[in-house]
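Structural overview for review
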Amino acid sequence: MSVLSHLDALESESIHILREVVAEARNPALLFSGGKDSIVMLRLAEKAFRPDRFPFPLLHIDTEHNFDEVIAFRDKRAAELDEKLVVRSVADSIRTGRVVLRRPDESRNVHQSVTLLDAIQEFQFDALFGGARRDEEKARAKERVISHRNEFGQWDPRNQRPELWNLYNARVASGEHLRVFPISNWTELDVWQYIRRENLAVPSIYFAHERLVVERNGLLAPVTALTPPRAGELAVQRSVRFRTVGDITCTCPVLSDAANVDAIIAETAVTTVTERGATRMDDQTSEASMELRKKEGYF
Amino acid sequence: MTATLTRLPAADTLRVATSGSVDDGKSTLIGRLLYDTKAILADQLAAVARDTSRRGGEGLDLALLTDGLTAEREQGITIDVAYRYFATPRRRFILADTPGHEQYTRNMVTGASQADLAILLVDARHGVVAQTRRHAALVSLLRIPHVTLAVNKMDLVGFDRAVFERVRDEFAALTHSLGFEGVTTIPVSALEGDMVVDRGTRMGWYTGPTLLELLETASTARAALGPFRYPVQLVSRSRYGERADSRGYFGRVENGAVAVGDRVCVWPSGVTAQVAQIVTLDGTLETAGAGRSISLILDRQLDVARGDLITHAGDAPYVTDAFGARLAWLSATPLDPRRTYLVKHGTAVTKARIAAIEDRLDIHTLHPVPGETPLAANDIGRVRIKAARALPLDRYADVRATGSFLLIDEATLATVAAGLIEDLPRG
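As annotated in an unreviewed UniProt entry, chain B is sulfate adenylyltransferase from Usitatibacter rugosus.

Under the annotation held in an unreviewed UniProt entry, chain A carries the name Sulfate adenylyltransferase subunit 2 and is attributed to Usitatibacter rugosus. Of the comments in the UniProt record for chain A, the one headed Sequence similarities (unreviewed entry) reads "Belongs to the PAPS reductase family. CysD subfamily."

1. Focus on the pairing of strand β18 (residues 348-361) of chain B
All names here are of chain B. As defined by bridge partners, strand β17 (residues 340-345) adjoins β18 across six bridges and the pair is classed as antiparallel. Bridge assignment links His345 to a residue of β18, and that residue is Ala348. The hairpin turn running from β17 into β18, its antiparallel successor, is two residues long, and Gly346 in that turn takes a positive phi close to 60°. When β18 meets strand β20 (residues 380-393), the two strands line up antiparallel, connected through seven bridges. Note on β20: the bridge partner recorded for Arg353 is Lys386. In terms of strand pairing, β18 meets strand β19 (residues 368-370) through three bridges, oriented antiparallel. Within the sheet, the bridge partner assigned to Leu361 lies in β19 and is Pro368. The turn linking β18 back onto β19 is made up of six residues, and Leu366 within it adopts a positive phi angle of 60°.

2. Focus: the UniProt feature "domain: Phosphoadenosine phosphosulphate reductase" (unreviewed entry) in chain A
Sequence positions flagged by UniProt for "domain: Phosphoadenosine phosphosulphate reductase" (unreviewed entry) are, in local numbering, residues 28-252 of chain A. The span residues 28-252 of chain A carries 25% helix and 19% strand; its end-to-end C-alpha distance comes to 32 Å.

3. Points about the domain arrangement of chain A
Residue and element names in this part refer to chain A. Along its sequence, chain A is organised into domain 1 (6-190 + 287-296) and domain 2 (203-270). Each of domain 1 and domain 2 has a C-alpha centre, and these two points are 25 Å apart. Each partner contributes residues to the interface: domain 1 has 19 residues there, and domain 2 has 18 residues. Counting the surface lost from both domain 1 and domain 2, the interface buries some 1500 Å², and carbon and sulfur atoms represent 65% of this. Between Glu188 and Arg243 there is a salt bridge, with its nearest N and O atoms 2.8 Å apart. Applying the counting rule to domain 1 against domain 2 returns four residue pairs in polar contact (both at pLDDT 80 or more). Elements that contribute at least two residues to the side of domain 1 that touches domain 2 include exactly α2 (36-49), α3 (68-81) and α6 (188-198). With three residues, the single largest contributor to the side of domain 1 that touches domain 2 is α3. Of the residues contributing to the side of domain 1 that touches domain 2, the split by class is five nonpolar, seven polar and seven charged.

About the thresholds
Residues numbered from 1 in each chain as written. Chains lettered and ligands numbered in written order. Predicted model: local features only at pLDDT ≥ 70, side-chain atom pairs only at ≥ 80, totals over all residues. Heavy atoms only, no water. UniProt positions renumbered as here; feature names shortened; annotations may be inferred. Pairing = 2+ DSSP bridges. Helix = DSSP H or I, 4+ residues; strand = E, 2+ residues; numbered from the N terminus. Domains from an automatic or database assignment. Contact = heavy atoms within 4.5 Å. Buried area = accessible area lost by both parts, 1.4 Å probe. Salt bridge = Lys/Arg side-chain N within 4 Å of Asp/Glu carboxyl O. Polar contact = N/O pair within 3.5 Å; in protein donor to acceptor, adjacent residues only side chain to side chain. Nonpolar A, V, L, I, M, F, W, Y, C, P; charged D, E, K, R; others polar.

Have a look at this one:
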């Protein structure tokens, strides 16, 4: 019997986790943003449950600060799969007063937590699948595959359930829920290799394209209607791609000529900067920013 | 070594767990391993340098790479497992950096239960301490295939061979009573890098492998051999193919292998059937080995549900509701023999009672102490369990997947113990 290839082993482990949680949860959902990790998650859900329908809806917490290409891709993919997509919007949370902004143009990334927790309450979800990976960030590296959240949606990193062998305890009391990360053990490079192997479509902004950017704090900030150049900044045209897609106000592209998945894999293998280090302004505010956000219910 | 070479994954993956007492330098060792294999990227390095100087230190405090929680950085200790991923041209690694503090032993067990190789660290100045004994006992209990003793902080004892040999012999005496075979002992300085990735120049008297050489050559064969074990996770609601009654049983091969045409038996009912098809989204397979998630289709309609175990017909597990097991108690709330607990075994969950507590391991002598004292946090002891229904069991020593279980507190739903099956009735 041959040993599984490394992608086969990762895939099989993720399928196992998806199936375990579906079996033990009462009402799960899968977070789908249209980004590369959640695209892989959808493929894994197909592998885990076809020929059946998915035993959960797809859920997107929309900041309405997303790139148009990503939202179009999100809707197209859900339709192709013929699965139910639920969208809840941070803008609605702002309209109803659940989220109060200090500045109208501030990043809505952190405010997703409120909208997410409200959606969990609305639908009484008890388990949410997400495409977070442990290689992304040092607080994520500390997280269990199945992460328990209390009735306020909070993570208690000092008191996590032990996770032993391949036995997962997915039980949860009423009002509490689980965040489940089936691709915990995947790296950015694994994700791209899997996208190539499975021939998965991704939004066009992952590939190199010409875009107006400004240099800011050592990163390239995209010039968009939501993020115009600030005083004294010079907008320049560059060949860039996004390594991660998220809230426009805090997601930055990198310089790149990688026009296809093979070229992205080659670039990822030799990069000297992590995915989040190259792309996320919100992680650079303090050495514990991700941990703090997660304790408040962030994914 | 170029960055390309270091990060393109090789074919196989070694899972490694570190353990040892507080301040033995585990986080620093992992930081060193990552740094010297060039697995740390520029922005991570810049962050470590920034955080080091913010704390009044100089240069790079490599422990800050893995101690990712605020409380860990404040207290300078590791509280929970951090997972790190890196690759050399020879193989891919998943490193679990586990805590040394006794209070967080549950997190050490979390990191170690999946490991192919355990690195036990000791401080060369202190040698074997109580926590080394506890971790050695857990590593032995979990039957982690490879054990390495890293005698760290050799820089603080002048790279003295006699100090290293004294610690090595002390540990050998300890592991002899635990039944370890083939422990490799390596002198290292995680702080300065000797014998981690590079040999350095100050311990020419040591001729064995460096830590990385050892990690690159340890074997990873697991679960591929032995009896076929397939816990049923879910039953597909769709029907496969033309047969009106062909249900797919979703699951993963946890041990051994299965082939189309094999005669199989479903437990605990004991009914038999033949494997008609092995299905994946990518098509059908003729055989499926350990670790593969599949759908299994049998040649006849049976009452099969989640929690059942499928095996080969001639390779039966023990089906019993009473068995002896070793428990590693992981909860701050002690075992209460008056209560019932949930046992999660494979995909089955059933109620159970602790019928008897037989002994408890004395962590200083590593000998069992007979007596009925309820197990408390971090205790390891032998118990007899009575389950509400019969379960298909194996000894942990024979089949890890069907020889292990969780105990779950019915009230809090927390995982309170790791269970390893030892004693099954004959016949």
